[in-house]
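Here is what each chain is made of, one letter per residue.
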Amino acid sequence: MTRLDPQPWMTAPEALKLMAALGEARFVGGAVRNALIGKPVTEVDIATPLVPGEVEKRLAAAAIKAVPTGIGHGTITAVVDGRPFEVTTLRRDVETDGRRAVVAFTTDWAEDAQRRDFTMNALYASADGQVLDTVGGIDDLKARRVRFVGDPVRRIREDYLRILRLFRFHAWYGAGEIDAAALKAVAQEAHGIAMLSGERVAKEMLRLLEAEDPVPAFKTMVHAAVLSEVLPAEPNLTRLANLVAIDAADGLASDPLLRLAALMPGPESAVPPVEFAHLLAERWKLSNAQRERLETIARNDCVSLPLSGRDAHKLIYRLGSPRAADVFRLAWAENPTQSAAALLRSAGEWPAPRFPLGGADAIKAGLPEGPLVGEVLADLEAWWIDGDFTADRAALLDRLKKTVEAML
């Protein structure tokens, strides 16, 4: 039987305190999976045969805060000295509709495993590291094979998000071709994605885009007619692949939203970039910040390399350094033979100046208050920008004076 060597997340005082308080419990899911293959563990979940009321009782006895975050489905968040752990009672599905389930509690670990999505996620470990595997998850994990627990069609119909999770988990943990039985089921059931909420789709897709190389998974999603269920137009997979390669070669952090922007089709597409961004933001219920970023990139998705220093400064001044850097990286991905490394450094280092004049200067120069002030200052600012921001305040005041004299 497989046993985990002691792990920091298992031997942490908070984990030890919680496991001792529950008595009957095992670590489950991602923490066990990642520990077995040497990947970082970020979240630690607990499974227990204890019903929620008994869990609350034992937590209270140990002076551990209990938050009923999903008590209808058997989940209580235990907060131990400020650290949260999700504690979930073993359960089985009684009824499902493709989005949510009605559950019944059980004391059978194998029955709980049968309702989980993939075999690699149906692994349990006791406090001393003994791993319980009733579905062949360890062998699948070693083979880097993402396989549904039991019948793939049944698992998918329980929650259609599992279609997207299949590709996400394969991108993160799989190797080679995706499991044939899983792909067959996906092709049959892809229509069910339409019933999922935008928020759930967005979360899963952005996690997929965060993988080291999501491109093979995306290509398979195209062939399985899955991407057409989540994107408003045919994606630009070539640009995504170029961006992923640039990230790897230049040590740039993977940026899921930027990679999403890379998928936008060209301006000649039936769904041009700005419309693509708008439709996607609506469908996926993106946050205001995500929507603003995606739409800003879309509006400027026509920049091509090489780009002069002057034009780069214009873009940085107009968009701000972070959004200009987005545009530079996508332009690089569009034309990978033209490096944008220098432009990215410029976006991070060039101190964009502030326009030195204001309305008070225009009025002092003799302009009457009103819309004319804004028009004249806008023309002066455009002249200043075209000169690569070299004119100082004195030069701008002189040009303002001459402009006003010519008008009056």
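Look above for the structure.
In this text, all values refer to a predicted model and were calculated from it rather than measured experimentally.

**Student:** Any chance you could explain the overall build of the protein chain here in plain terms?
**Tutor:** Helix and strand counts for the protein chain come out as 22 helices and nine strands. Along the longest, intermediate and shortest principal axes, the C-alpha atoms of the protein chain span 90 × 50 × 35 Å. Of all 408 residues assigned to the protein chain, the portion counted as buried reaches 48%. Sequence separation of at least 24 residues holds for 63% of the intrachain contacts in the protein chain that already meet a minimum separation of 6. For the protein chain, the accessible area works out to roughly 19300 Å², and carbon and sulfur atoms hold 52% of it. Mean positive and mean negative side-chain charge positions of the protein chain (49 and 56 charges, respectively) differ by 3 Å.

**Student:** Where do I start with the pairing of strand 4 (residues 75-80) in this structure?
**Tutor:** The side chains of a regular strand alternate between both faces of the sheet. In terms of burial, strand 4 is a largely internal element, five of the six residues being buried. In the sheet, strand 3 (residues 65-70) pairs with strand 4 via four bridges, with the strands oriented antiparallel. If you follow valine 67 over to strand 4, its bridge partner there is threonine 77. Turn length for the strand 3-strand 4 hairpin, with the two strands adjacent in sequence and antiparallel, is four residues, and the turn residue glycine 74 shows positive phi of about 85 degrees.

**Student:** Got a minute to help me understand the packing of aromatic side chains in this structure?
**Tutor:** The description of an aromatic ring pair uses the distance of the two centres, along with the angle that the planes make with each other. Under the definition given, this model contains ten aromatic pairs. Ring centres of tryptophan 109 and tyrosine 124 lie 5.2 Å apart, and the angle between their planes is 80 degrees; on these two criteria the pair is classed as edge-to-face. Here tryptophan 109 is found in helix 5 (residues 109-114), whereas its partner tyrosine 124 is found in strand 8 (residues 123-125), with 15 residues between them in sequence. Among the residues examined, tryptophan 109 registers a relative accessible area of 16% and is labelled buried. Judged by centre distance (5.5 Å) and plane angle (80 degrees), the ring pair of tyrosine 317 and tryptophan 384 falls under edge-to-face. With tyrosine 317 in helix 17 (residues 309-319) and tryptophan 384 in helix 21 (residues 371-386), the pair connects residues that are 67 residues apart, well separated along the chain. Members of the aromatic cluster, connected to one another through ring pairs, are Tyr317, Trp350, Phe355, Trp384 and Phe389. Its guanidinium or amino end placed over the ring of tryptophan 109, arginine 26 lies 4.5 Å from that ring's centre, counting from NZ or CZ. The ring centre of tryptophan 172 lies 4.8 Å from the NZ or CZ of arginine 207, which sits over that ring.

**Student:** Where do I start with helix 9 (residues 180-189) in this structure?
**Tutor:** Given 3.6 residues per turn, any residue in an α-helix points the same way as the ones three and four places further on. Turning to helix 9, its buried residues number three or more, namely Ala182, Ala185, Val186 and Glu189. Around the axis of helix 9, the buried residues are gathered within 105 degrees of arc, so they sit on the same side. With respect to the buried face of helix 9, the exposed residues turned more than 90 degrees away are Ala180 and Lys184. Tucked into the core, helix 9 has its buried residues touching helix 7 (152-158) and helix 8 (161-173).

**Student:** Just checking my understanding: could you explain the sheet that holds strand 3 for this structure?
**Tutor:** Within a beta sheet, neighbouring strands are joined by backbone hydrogen bonds and run either parallel or antiparallel to one another. Ordered by their spatial adjacency, seven strands build an open sheet running 3-4-5-2-1-8-9, and the pairing between neighbours is mixed. Each of the sheet's edge strands pairs with one partner strand only, and the pair in question is strand 3 and strand 9 (131-133). Adjacent strand axes in the sheet meet at a mean angle of 35 degrees when their direction is disregarded. Pairing between strand 1 (residues 26-28) and strand 2 (residues 45-48): three bridges, direction antiparallel. Paired with valine 28 across the two strands is aspartate 45, which belongs to strand 2. Packing of helix 2 (residues 13-22) onto the sheet brings it into contact with strand 1, strand 2, strand 4 and strand 5 (83-89), and relative to strand 5 it is tilted by some 30 degrees.

**Student:** Would you mind going over unusual backbone geometry with me for this structure?
**Tutor:** Excluding glycine, most residues fall at negative phi; most peptide bonds, likewise, are trans. Here the amide bond leading from leucine 305 into proline 306 is cis, since omega sits at 0 degrees, within 30 degrees of zero. One can find proline 306 in the loop between helix 16 (288-299) and helix 17. You will see that phenylalanine 389, though not glycine, has its phi angle at about 65 degrees, which is positive. Exposure remark for phenylalanine 389: the relative accessible area of 11% places this residue in the buried category.

Thresholds applied
- Residues numbered from 1 in each chain as written.
- Predicted model: local features only at pLDDT ≥ 70, side-chain atom pairs only at ≥ 80, totals over all residues.
- Heavy atoms only, no water.
- Helix = DSSP H or I, 4+ residues; strand = E, 2+ residues; numbered from the N terminus.
- Buried < 20%, exposed > 50% of the residue type's maximum accessible area, 1.4 Å probe, protein only.
- Contact = heavy atoms within 4.5 Å.
- Areas by Shrake-Rupley, 256 points an atom, 1.4 Å probe, with all protein chains shown as cover.
- Lys, Arg positive; Asp, Glu negative; His and termini not counted.
- Charge placed at Lys NZ, Arg CZ, Asp CG, Glu CD.
- Pairing = 2+ DSSP bridges.
- Phe/Tyr/Trp six-rings, centres within 6.5 Å; stacked < 30°, edge-to-face > 60°.
- Lys NZ or Arg CZ within 6 Å of the ring centre and 35° of its normal.
- Arc of directions from axis to C-beta.
- Axes fitted to C-alpha atoms, helices over the stretch in contact; angles between N-to-C directions.

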